[in-house]
Amino acid sequence: MVGSNSSRDDSQQRKSFLDKQNSSKTAKSRVGSSEKSKSSKTEKSTQQSEKKTERSTANTTIKSEAPSKKLITQQSTASIQSVGRRGPKMSDGTEFDAGPYGYIFSFIFLFVLWGLATMLAIALVWFNFSRLDRQYPIYFGDGSFLGGAPKVSFDPNPRQFLEDGTKNAMSWNIYEFSTYVNYLIRYKQVLKKYSGGIGKQKVKKEEMCKNQTMTRENACKFDRLTDFGECTLSLDNLERGFGYSKGQPCIMLKLNKIVGWVPNLSPSKNKTKCPSGDLCCGQGIKFKCTSNADVKFEYFPKTGIPTCYFPYANQGGYEQPYQMVKLTNITVNRETTIECAPEDSSLNTLASGKTNEARFHILMTKNRPVETVG
Amino acid sequence: MFGCFKKKKTNKSLEDLKKDVVIDDHEIPLDALFKRYTTSEKNGISEAEATNRLNRDGPNALTPPKQTSKWIKLAGSIFGGFNFLLWCAASASAVGYGMDLSMSDDEEVPKDNMYMAIILATVVTVTGLFDFYQNRKSGNLMDSFANMIPPKTLVVRDGATREIEVKDLVVGDLVRFRGGDRVPADLRVTLARGLKVDNSSLTGESEPQTRNMNCTSKNALETKNLCMFSTSVLEGSGEGIIIGTGDRTFVGRIAALTTQVDPGPTPLAKEINHFIKIISIVAFTVGIAFFILALVYEYPPLKAIVFFMGIVVANVPEGIVPTVTVSLTLTAVKMRKKFCLVKKLQAVETLGSTSTICSDKTGTLTQNRMTVTHLWFDGKIKDTEILPPNDHFKGEKKYEKEDSYQKLLRCATLCSRSHFRVPEFDVPLAKRVVNGDASEVAIMRYCEMIRGDGQVDEFRKIMPKIGEIPFNSTNKYQLSIHPMSKKQNILVMKGAPEKILKLCSTYYQNGETKNVSKKFEKEFQQAYETLGSYGERVLGFCDLEMSTTKFPPGFKFNMEEPNFPIKNLRFLGLISMIDPPRPGVPEAVRVCQNAGIRVVMVTGDHPITARAIANQVHIIEENVQVTEIVNADPKCDPASDEIYGKGRLKPTGAVVIHGEQLTTMSPKTLKAVVTNYHQIVFARTSPAQKLQIVEAFQSVGNIVGVTGDGVNDAPALRKADIGIAMGITGTDVSKQAADMILLNDNFASIVTGVEEGRLIFDNLKKSIAYTLTSNIPEITPFMSYVLFGLPLPMSIIAILMIDLGTDLWPAISFAYEVPESDIMQRAPRNPLYDKLVNKRLVMFSYMQIGAIQACAGFTTYFVLMMSNGWFPQDLLNISEQWDNKYIDDLEDSYGQQWSYESRKALESCCYGTFFFTIVVTQWSDLFASKTRKNSLVMQGMENHVLNTSVIFTCFLAIFVLNTPFVNEVLGVQGFRLEIGFLALPFAFFIGLYDEVRRYFIRTYPGGYIYKETYY
């Protein structure tokens, strides 16, 4: 109880002390009521308070003395100065506003630019196009991507028809015409490229290659009716199944056409006497085929592709020579891989180093269709 | 009532933390405090009780801020951003290769897809690791700042004094501390012997604060009977009862506020994310469209996947991520040389986007050193010699010959309690250690500067101090008595000017001693007010040459009850001092303003001082009307919303706002202030108010940079778009919360950061413009393949060779590009409109330069095909047969028959040709993208990294195309040079077009070309 009273008395005394200080300050420096909480600050605070008071008084005096017009003028001046010192303003994107029809000019601008670029492109392409020879590309033969050795290819190529599956295989049933009709169609397409292939076509005046030397401008006819035996490419043979119906198909083997390429065969030991004037006589480009089964091969003509049909020079009416190979003794219901490659050493290897061969697969079946009684 | 404990707050919300702390531990009597915390003034608490409280409240340590796991950061670097798209492409490649394997059991499978998957995965991983390494390297710099708590302290428990770890302190503990210590926790002073603390780290007050047992303010930061955690004890010694530990201290609340305030992504991060979104949308949209289109055209699913993959890979600018990283890292290195330590790499670009800088005053704009600046004697205010901050004074002494000056200087030299700690004359005077308070230190340095090294001590030896009455708040002066000669003594006095004048009856002027008159008093008052308006602290000086008869040598002066006259003294003059601006700061502020950046002062100092400094450093221009919101205005209701131009918010250009008024100001009013005023000073602000100010600026669309050095600045530093801490005087908490540290504490260094930040943005734009260009020539081959059936002119691996090979170094080299001439005259970037990638940049890169490059590519493609026998018209719709590997007799325009292998060999040459064409046209684009507005001639060729990249690219292209094994793996082949030369006309066309375009941009700003093409 006594302690409590003592504490209260101390508190009252402190309040009195503060009040006294406050009174003193008010009397001397006319500090406002907001300064009560700072009345006990150190010398610095007192100085600052006095400065504030004096400053406030001075400002008040100045303002009260100044005419209103001068005040307005000063404010305007301050505003102008303030605006001038702000520096560049932050962009709000309006300087790029091209208006509601701005996109039209954008398109025009783009079209003009694209037009110029396209014209430059077309000019360069046309310039290079005009420099091209009609018969020879700029790069061909050895050293070019086409290479110096023609690739062996065969027909009918089943992939020409984009059949299902990824394998390069010919499969057919000898008793069903529909299974090998595509191959016959392909042969018909090939036949169109040869004169006299279709009955209605008018026979050209060109002579056979054995009677006329092939030149750069003129081509000669390929003799597709001599020495081909049962594999003669003709409409009659195609109507008869061209060997597929008997299980002994004929496969066309040929070399890719390369401008300017001339075969350089090794000299043959067996020289055949040729009648004078027969330019296609002699040993030609022969193919040799192998298989992973006991398939027999019969070649037509036996002397291979004569060399009188080269070089190819993009002559009009050129007929590509070929050699036929007849496949016999084909095992039924077995997929057989057959590889055919030229015999001559100059054609064995391609420029890429790989073996120059044509590879394909055959799958022959003999399934008689079930006949309905009645 | 008594003895109750404060309830422990849980789940503190952000709003609660923003409010200032309201406590009464400093207002209640000591007895009540002892009862509240169950402690004793002499014995402290028991050890057992301390253990209980430690278990209840936790250790006296700050909770460390949460940090992202480095593994998460690593994963983000490798799989985030554009890398996600590339991982999709790599997966698609792997799937494609797997499909190839499954469909072709016997035959050889092309390994292109396998190579591509490996290349993509490798490059993405390397890029991600590089990015992670760079960011981690910068982040490790803060490890040395981790520990900021004083290790040990003296505590009284069970009546015994012992030294314990600071972290083991609890509330109620009685601790002892002395000069040189750091305050171990928030405590109330129970005993003080000349105790002074340095609160500048907490409140920004640069002057030492006296601490005693009296409650002098309701504000806990202002009252003298509290000491705050982590502040420094400068002088004296004391004891106190702990009232808060750990996170419950003022510093702890600020730290918690710091960790809870989300800084958000930097503007650059926002731009990068925006860019990634755009490109991802484009890539997937186009990719999916072509995927569907390929299926419609009955391509096999494998081909469709290849199309999708090609489109995605072509669209991804792989070079942008390393360009950003290298650019930021390079800038950080450059800024490190200019005393800017960049903690967060992306913050550099943020500084370039800054439109407002809220700068602290003490130590940042000023030197944090009181310096004598003006003198008043002989009836005139005179400027003093400037003390060099980093050098010895070598200038002319202006007033050495004047008698009045000599007497004033004598008085200032003698009437002082400060002294140099040790003679260190090789150290610049401004940096020598001087004991004493700020005012006396300033006068001491000035006297030493005028008299010469060591001469002050010599002068004092001639006139040693006989007696002294120190300064106190009652007298408001200090005086000392010295022997002037063998027969006569002199009394010197200094103190508050008005107090000094009252004690004087005469004054010394122009060599004569005159009686004080009303005229002199008027002059004095005018001078006093003038110096005060400078915001300077003013001291008056006077002396008295004592009578030889009354006070002979050997007279015993009684200092407790003066037995000598303290009246009728002779007034000598005034000396004023201020913490001066740092050299270079006024120019730096001017540069910022010319760059469209508003510099705002936010300080805890007095409004008058703040305004004076603001005038000196051009934050507030001279002769500009200033609106002062310092005192409460009864006419206005502070809680209501105020409008600019009415009431207190006068239509002037400048404003000074006191923190107390800011407390009662409504948010809308504050927003009106920050929107309309452009020369702003906030004085007497608290930590939460600084954060409030930052948020106000940000709410009106500003990119805000904040400087600070104290713990109280940490929340604002973290909230700001870029926080800039002081490296020398800054506390560890502020350094931890900041993104950048000024190692020299100089505001001028920020200007370097602004320029570098703008340069980063510029260079990134150029790099993106360059990188995006090649996307079109990379995509159009696939479009032609699908739409027109052309053989594929370009492979995906060739695209990767461009994006990851030949384009990478040039794209990164833009980081080394020198600034354009107008970089610091532009306005700050508006993040809403001035995007890193805008419509015009996309149109420029894709539809203009990219289209030209595509024309170039197809030109060389067709010419190459023609040269080998394939005419353009024969190439249409041939891709189906071209890619059939079982067709070995495909005929060209000359009737030649091509095998599959020979066709693919030619196609690989097309890849190489197209690749080389893009490389050549990208050279032209590289030089065209060096500037956005200036001509190439104006910009110059100083970027040697860029020049070298052209040479490197050339050799890389040749190497890739012609090296046997490399070109086989990459699926390209060499070509003849005459076809490659076909790209040169298009390269020239690109350069010419861009130069003409820039000419029109410069000549007709705001014109059609500017609106169409300026990016």
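Residues numbered from 1 in each chain as written. Chains lettered and ligands numbered in written order. Predicted model: local features only at pLDDT ≥ 70, side-chain atom pairs only at ≥ 80, totals over all residues. Heavy atoms only, no water.

### Comments concerning the side chain of Q509(B)
Residue and element names in this part refer to chain B. Short version of the rule: Each helix corresponds to a stretch of at least 4 residues labelled H or I by DSSP, and each strand to a stretch of at least 2 residues labelled E; elements are numbered beginning at the N terminus. Only protein chains enter the area calculation, which uses a 1.4 Å probe; residues under 20% of their type maximum are buried, those over 50% are exposed, and those in between are partly exposed. Between two residues, a contact is recorded if the distance between any of their heavy atoms is within 4.5 Å.
For Q509, the position within the fold is in strand 17 (residues 504–509). Given a relative accessible area of 12%, Q509 falls into the buried group. Once residues lying within four places of it in the same chain are set aside, the contact partners of Q509 are D378, G379, S404 and K514.

### Structural notes on the pairing of strand 26 (residues 722–726) of chain B
All names here are of chain B. Stated formally: Pairs of strands are assigned from DSSP output, requiring at least two bridges between the strands.
The buried fraction of strand 26 amounts to 5 of the 5 residues, a majority that puts the element mostly inside the structure. Neither face of strand 26 is exposed, since I722, I724 and M726 on one face and G723 and A725 on the opposite face are all buried. Where strand 26 and strand 27 (residues 740–742) come together, 3 bridges link them in parallel fashion. Across the sheet, residue A725 finds its bridge partner in strand 27, namely I741.

### A closer look at the environment of A90(B)
Structurally, the position occupied by A90(B) is in helix 5 (residues 82–103). With near-sequence residues (within four places) excluded, A90(B) lies in contact with A117(B), L120(B) and A121(B).

### Some thoughts on the UniProt feature "transmembrane region" (unreviewed entry) in chain A
Condition: UniProt positions are given in the numbering used here, feature names are shortened, and annotations may be inferred rather than shown by experiment.
With numbering aligned to this structure, UniProt lists the feature "transmembrane region" (unreviewed entry) at residues 101–127 of chain A. Secondary structure across residues 101–127 of chain A comprises 96% helix and 0% strand; the distance between its end C-alpha atoms is 39 Å.

### Digging into the packing of helix 25 (residues 748–773) of chain B against helix 26 (residues 775–787) of chain B
Residue and element names in this part refer to chain B. Selection criterion: The axes used here are C-alpha line fits, helices contributing only the stretch in contact, and every angle between their N-to-C directions lies in the interval 0 to 180 degrees. Roughly parallel covers angles under 35 degrees, roughly antiparallel covers those over 145, roughly perpendicular covers 65 to 115, and oblique covers all other angles.
Between helix 25 and helix 26, the least distance of the axes is 5 Å, while the angle of their chain directions is 20°. Between helix 25 and helix 26, the angle falls in the class roughly parallel. Here T771, L772 and T773 of helix 25 lie close against helix 26, whose contacting residues are N775, I776 and P777.

### Some remarks on the state of the cysteines
All names here are of chain A. Condition: The definition used for a disulfide is geometric: two cysteine sulfur atoms within 2.5 Å.
For the coordinates displayed, the defined rule picks out 2 disulfides over all chains. Disulfide pairing is shown between C231 and C250; the S-S distance is 2.1 Å. Here the S-S torsion is close to -70°, and the disulfide linking C231 with C250 is therefore left-handed. Taken together, the residues span a long stretch of sequence, with C231 in the loop between helix 5 (181–191) and helix 6 (235–239) and C250 in strand 3 (residues 250–255) at a distance of 19 residues. Exposure class is identical for C231 and C250. Each is buried. Here C289 connects covalently by a disulfide to C340, the sulfurs 2.2 Å from one another. Between C289 and C340, the S-S torsion sits near 110°, and that sign places the bridge as right-handed. Placement of the pair is C289 in strand 4 (residues 287–291) and C340 in strand 7 (residues 335–342), with a sequence separation of 51 residues. On the basis of relative accessibility, which here comes to 5%, the residue C289 falls in the buried class.

### Concerning the UniProt feature "transmembrane region" (unreviewed entry) in chain B
Residue and element names in this part refer to chain B. UniProt tags residues 74–94, 114–133, 278–299, 305–333, 782–802, 841–864, 945–963 and 975–993 as "transmembrane region" (unreviewed entry). Between the end C-alpha atoms of residues 114–133 the distance is 29 Å, and the span holds 100% helix and 0% strand. Helix makes up 95% of residues 945–963 and strand 0%, with an end-to-end C-alpha separation of 26 Å.

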